[in-house]
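Topology and contacts: notes
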Amino acid sequence: MAELAKVTTAKLTEMKQKGQRITALTAYDAPTAKLLNEAGVDVILVGDSVGNVKLGYENTIPVTLEEMIHHVRAVKRGNSRALLVADMPFLTYEIDVKEAARAAGRLIKEAGAEAVKLEGGIEIAPTIKELLRINIPVMGHLGLTPQAVHRLGGYKVQGRRPQEAEKMLTDSRILEGAGVFAIVLEAIPAELASEITRKVAVPTIGIGAGAECDGQILVSDDMLGMGDQISPKFVKRYANLRPEMLKAVQQYVKEVQDAAFPGPEHAYTRPAAKAQH
Ligand code: KIV
């Protein structure tokens, strides 16, 4: 089968223009990145969701730049075709534009990301411009922005009130004006996501934002059913791997305890001694 061409930010713009849906998933390690490439996923996001999905944190806030670099490097080693986007963790881009440029630069230069994602609207527009000035493509993120969980008072649907919806529409235009190549819309009413999608020229990638975004993203572990938490309403489980994994590990434990594993077929033997003349 012919290899699909490498996905670039320009390719995503073209896909929106042609009405081709964009597929995106998260990955945090090399084998998952390889699997996503084999399946033809367009965008791999090394999300700061690595904090709660893989590192055992309560939320994304404690995730450090060093942790992101570590995981982006791993994903880079497994990636070939997808556009590789890395989340900028909390407190690496909100305070100072130059500090943000240095942090984003490390994700690109040391880890191998091809773009970064930042949460927020008008308040981060100067930062987006600075990153573009040093040639770092930026993906925006509006709606339920997990790094703002304490201000938002939990993981709640955003943009239900007319004023909130109006602000999000304005923010999406500001992000577009600042130069983002795409915008993630998380947990917002489908009608609002549809309106934003129609009103901005850059692709929108929805997660809990209805069917009319230009693309969709999910956390891989959620859609594969690998976690032990209840998933949000917008997650579709395409597989339920955790019970399978648990069953396999329980069987291993039992077989080792019962001396049923390893069997003769898993054991090495000494070469047969040569006959002496
Ligand atoms: O961190 C993450 O995984 C994300 C996606 C859910 C969009 O930001």
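Report on the accompanying structure. Quantities reported herein were computed from a predicted structural model and do not represent experimental measurements.

Looking now at the site of the ligand. In the vicinity of the ligand, the contacting residues are Thr26, Leu45, Gly47, Asp48, Ser49, Asp87, Lys117, His141, Val184, Ile207 and Val219. In the model, an oxygen atom of the ligand is placed 3.1 Å from a nitrogen or oxygen of the Asp48 side chain. Against a free-state accessible area of 260 Å², the protein chains account for coverage of 95% of the ligand. Residue composition of the shell around the ligand, grouped by class: four nonpolar, four polar and three charged.

Quick look at the pattern of salt bridges now. If charged atoms from side chains of opposite charge come close, those side chains can pair. For the structure shown, the criterion picks out 15 salt bridges. Asp87 serves as the salt-bridge partner of Lys117, at 2.7 Å between the closest nitrogen and oxygen. Here Lys117 is found in strand β4 (residues 115-117), whereas its partner Asp87 is found in strand β3 (residues 83-87), with 30 residues between them in sequence. Neither residue differs from the other here; Lys117 and Asp87 are each classed as buried. As a salt-bridge pair, Glu130 and Arg133 come within 2.9 Å of each other at their nearest N and O atoms. Within this pair, Glu130 and its partner Arg133 are both found in helix α6 (residues 125-133), separated by three residues, close to a single helical turn. On the basis of relative accessibility, which here comes to 11%, the residue Glu130 falls in the buried class. By relative accessible area, Arg133 is classed as exposed at 54%. Through salt bridges with shared partners, a single network forms among Lys6, Lys76 and Glu114.

Let's shift gears to the sheet that holds strand β8 (residues 215-218). Around the barrel, which closes on itself, the eight strands sit in the order β1-β2-β3-β4-β5-β6-β7-β8 with parallel pairing between neighbours. Within this sheet the neighbouring strands show an average axis-to-axis angle of 25°, counted without direction. Where strand β6 (residues 182-186) and strand β7 (residues 204-207) come together, four bridges link them in parallel fashion. Counterpart to Ile183 in the pairing with β7 is Thr204. Strand contacts of helix α5 (residues 97-109): β3 and β4, with the helix running at about 130° to β4, the strand carrying the most contacts.

Let us now look at a nonpolar patch on the surface. A cluster of nonpolar side chains, Val249, Tyr252, Val253, Val256 and Phe261, forms an exposed patch at the surface whose accessible area comes to about 430 Å². For Val249, the position within the fold is in helix α11 (residues 241-257).

Right, let's talk about the pairing of β7 for a bit. Here β7 shows a buried face lined by Thr204 and Gly206 and a second buried face lined by Ile205 and Ile207. Viewed along the sheet, the connection from β6 through helix α9 (residues 190-199) into β7 turns out right-handed. Relative to β8, β7 runs parallel, the two sharing two bridges. The residue bridging Ile205 from the neighbouring strand is Gly215, located in β8.

Right, let's get into the packing of helix α4 (residues 65-78) against α5. A pair of packed helices is characterised by two quantities: the angle between their axes and the separation of those axes. Following both chains from N to C, one finds α4 and α5 inclined at 20°, their axes separated by 9 Å at the closest point. In terms of orientation, α4 lies roughly parallel with respect to α5. Every pair of crossing elements has a handedness; the one defined by α4 and α5 is right-handed. Between α4, through Leu65, Glu66, Met68, Ile69 and Val72, and α5, the contact on the second element is made entirely by Ala103, Arg106 and Leu107. Of the residues belonging to the contact of α4 with α5, the class tally is six nonpolar, no polar and two charged.

Parameters and conventions
- Residues numbered from 1 in each chain as written.
- Predicted model: local features only at pLDDT ≥ 70, side-chain atom pairs only at ≥ 80, totals over all residues.
- Heavy atoms only, no water.
- Near = heavy atom within 4 Å.
- Polar contact = N/O pair within 3.5 Å; in protein donor to acceptor, adjacent residues only side chain to side chain.
- Areas by Shrake-Rupley, 256 points an atom, 1.4 Å probe, with all protein chains shown as cover.
- Nonpolar A, V, L, I, M, F, W, Y, C, P; charged D, E, K, R; others polar.
- Salt bridge = Lys/Arg side-chain N within 4 Å of Asp/Glu carboxyl O.
- Helix = DSSP H or I, 4+ residues; strand = E, 2+ residues; numbered from the N terminus.
- Buried < 20%, exposed > 50% of the residue type's maximum accessible area, 1.4 Å probe, protein only.
- Pairing = 2+ DSSP bridges.
- Axes fitted to C-alpha atoms, helices over the stretch in contact; angles between N-to-C directions.
- Contact = heavy atoms within 4.5 Å.
- Patch = residues over 30% accessible without salt bridge, like charges linked within 9 Å, V, L, I, M, F, W, Y side chains within 5 Å.
- Right-handed = clockwise from strand over helix to strand, strands pointing away.
- Parallel < 35°, antiparallel > 145°, perpendicular 65-115°, else oblique.
- Left-handed = near helix turned anticlockwise from the far one by under 90°.

On their own, these measurements won't tell you what the molecule is for.
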